[in-house]
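If you want the building blocks of each chain, they are given just below.
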Amino acid sequence: MEQFYTIQGEGANAGRAAYFIRLGGCDVGCHWCDVKESWDADVHPRLSLESLVAEASAHPGRNVVVTGGEPLMHDLGPLTRALHAAGMQTWMETSGAHPLTGEWDWICLSPKKFKAPLPEVLRAAHELKVVVFNKSDFAWAEEHAAQVGPDCRLFLQPEWGKAAQVTPLIIDYVKQHPQWQVSLQTHKYLDIP
Ligand SMILES: C[S@@+](CC[C@H](N)C(=O)[O-])C[C@H]1O[C@@H](n2cnc3c(N)ncnc32)[C@H](O)[C@@H]1O
Ligand SMILES: Nc1nc2[nH]cc(C(=O)O)c2c(=O)[nH]1
Ligand code: SF4
Ligand SMILES: [Mg+2]
């Protein structure tokens, strides 16, 4: 759908330069999704692997975030092998609702109520990032934290439209449950892509 070089705004790698590849297509249907224009894969241009990897490599940063849409709706083996061959680090943003493909240096799993994450993605995640829309989401976050590996880092991120109401709840929760960290969508505050 689009490619851009920016700063990773969210989660464990927030603040680090990264080239984003946003793949079209998502069937999860989050009502608060901030990129609904990504959902229909057919309206976006198809690019060759070679041109995508060449564009990614043309920047000083070596980190590539593959996001979407839902990237795991595609077979990500060829893309991630080509990125690794070009010396790039491969990071993914996923809901985990489709089978895991690709070679990953960092997987950020953001599970959704609308289509459950698969156990194989929960086990492989380096980071669990739960979007908090209301107070019932803390118990739901803990259910998923119980299914990830022991080294997986845990983040709570306010849903953007509810940030004024839920951010104070997240702050209180993290103070009481310090295994969790706050994740903000810092790129929105910085007004960058
Ligand atoms: C647009 S999604 C694309 C990748 C994948 N489909 C997913 O949901 O993880 C990228 C990240 O943005 C988060 N996100 C999407 N809409 C949001 C919103 N309104 N507020 C906060 N986070 C949001 C998702 O949970 C995910 O962590
Ligand atoms: N700067 C920036 N950081 C991000 N982290 C995850 C994003 C995404 O949409 O997947 C995103 C995004 O869209 N922009
Ligand atoms: S899974 Fe990700 S891209 Fe799909 S609707 Fe939800 S937030 Fe948007
Ligand atoms: Mg985004």
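Criteria and thresholds
- Residues numbered from 1 in each chain as written.
- Chains lettered and ligands numbered in written order.
- Predicted model: local features only at pLDDT ≥ 70, side-chain atom pairs only at ≥ 80, totals over all residues.
- Near = placed C-beta within 6 Å.
- Nonpolar A, V, L, I, M, F, W, Y, C, P; charged D, E, K, R; others polar.
- Helix = DSSP H or I, 4+ residues; strand = E, 2+ residues; numbered from the N terminus.
- Pairing = 2+ DSSP bridges.
- Axes fitted to C-alpha atoms, helices over the stretch in contact; angles between N-to-C directions.
- Contact = placed C-beta atoms within 7 Å.
- UniProt positions renumbered as here; feature names shortened; annotations may be inferred.
- Buried ≥ 20, exposed ≤ 12 C-beta atoms within 10 Å, placed from the backbone.
- Core = buried A, V, L, I, M, F, W, Y, C linked by C-beta atoms within 7 Å.
- Parallel < 35°, antiparallel > 145°, perpendicular 65-115°, else oblique.
- Left-handed = near helix turned anticlockwise from the far one by under 90°.

*Asks:* Talk me through the site of ligand 3; I want residue IDs and the actual numbers.
*Replies:* Taken together, Cys26, Val28, Gly29, Cys30, Cys33, Val35, Ser38, Gly68, Gly69, Glu70, Ser95 and Lys112 form the complete shell of residues around ligand 3. When grouped by side-chain class, the residues that make up the shell around ligand 3 number five nonpolar, five polar and two charged.

*Asks:* Explain the site of ligand 1 to me, and be specific about the residues and the numbers.
*Replies:* If you check the shell around ligand 1, you find 18 residues, and the closest are Asp34, Glu93, Ser95, Ser110 and Trp160. Listing elements by their share of the shell around ligand 1, those giving two or more residues are strand 3 (63-68), strand 4 (89-94) and strand 6 (127-132). Split by residue class, the shell around ligand 1 holds six nonpolar, seven polar and five charged.

*Asks:* Tell me about the sheet that holds strand 3, and please be specific about residues and values.
*Replies:* Taken in spatial order, the eight strands line up as 1-2-3-4-5-6-7-8 in an open sheet, and their pairing is mixed. Lying at the two open borders of the sheet, with one neighbouring strand each, are strand 1 (2-7) and strand 8 (180-182). Neighbouring strand axes in the sheet, compared pairwise and without regard to direction, differ in orientation by 25° on average. Two elements, strand 5 (residues 106-109) and strand 6, share two bridges in a ladder whose sense is parallel. From the neighbouring strand, Leu109 faces strand 6, where its bridge partner is Leu128.

*Asks:* Quick rundown of the environment of Asp172? Include the residues and the values.
*Replies:* The residue Asp172 is located in helix 5 (residues 163-176) in this model. Along the primary structure Asp172 and Ser38 are separated by 134 residues, whereas in three dimensions their C-alpha atoms are 34 Å apart.

*Asks:* Would you mind going over the environment of Gly61 in detail, with residue names and values included?
*Replies:* For Gly61, the position within the fold is in the loop between helix 1 (49-57) and strand 3. Each C-alpha atom, one on Gly61 and one on Thr6, is 9.5 Å from the other, the two residues being 55 residues apart in sequence. Apart from residues lying up to four places away in sequence, Gly61 is in contact with Tyr5, Ala17, Ala18 and Tyr19.

*Asks:* Go over the UniProt feature "domain: Radical SAM core" (unreviewed entry) in the chain, please, and point to the residues and values.
*Replies:* Those places that UniProt annotates as "domain: Radical SAM core" (unreviewed entry) correspond, in this numbering, to residues 13-193. As annotated, residues 13-193 comprises 29% helix and 21% strand, and the C-alpha atoms at either end are separated by 15 Å.

*Asks:* Explain the UniProt feature "binding site: [4Fe-4S] cluster" (unreviewed entry) in the chain residue by residue, including any values.
*Replies:* As recorded in UniProt, the sites labelled "binding site: [4Fe-4S] cluster" (unreviewed entry) are Cys26, Cys30 and Cys33. Note that Cys26 resides in the loop between strand 2 (17-23) and helix 1. The exposure class of Cys26 is buried, given the 25 C-beta atoms found within 10 Å. Ignoring any residue separated from it by four or fewer positions in sequence, one finds Cys30 in contact with Lys112 and Phe114.

*Asks:* Which residues make up the nonpolar core, and what values do they have?
*Replies:* Among the nonpolar cores identified, the biggest contains 35 residues, and Ala56, Val64, Val66, Leu109, Ala125, Leu128 and Leu156 are the most heavily contacted of them. It is strand 2 that provides the largest number of residues to this core, a total of five residues. In contact with Leu156, other than residues within four places in its own chain, are Val130, Val132, Ala141, Ile170, Tyr173, Val174, Trp180, Val182 and Ser183.

*Asks:* Provide a residue-level description of unusual backbone geometry, including the pertinent values.
*Replies:* Despite not being glycine, Asp191 has its phi angle at roughly 60°, a positive value. Considering the arrangement of structural elements, one finds Asp191 in the segment after helix 6 (186-190).

*Asks:* Which residues make up the packing of helix 1 against helix 2 (residues 77-85), and what are the values?
*Replies:* Running from N to C, helix 1 and helix 2 cross one another at 40°; their axes reach a closest spacing of 10 Å. Between helix 1 and helix 2, the angle is such that the two are oblique. When you trace helix 1 past helix 2, the crossing you get is right-handed. Facing helix 1, whose interface residues are Leu49, Val53 and Ala56, helix 2 presents Pro78, Leu79, Ala82 and Leu83. Looking at side-chain class alone, the contact of helix 1 with helix 2 contains seven nonpolar, no polar and no charged residues.

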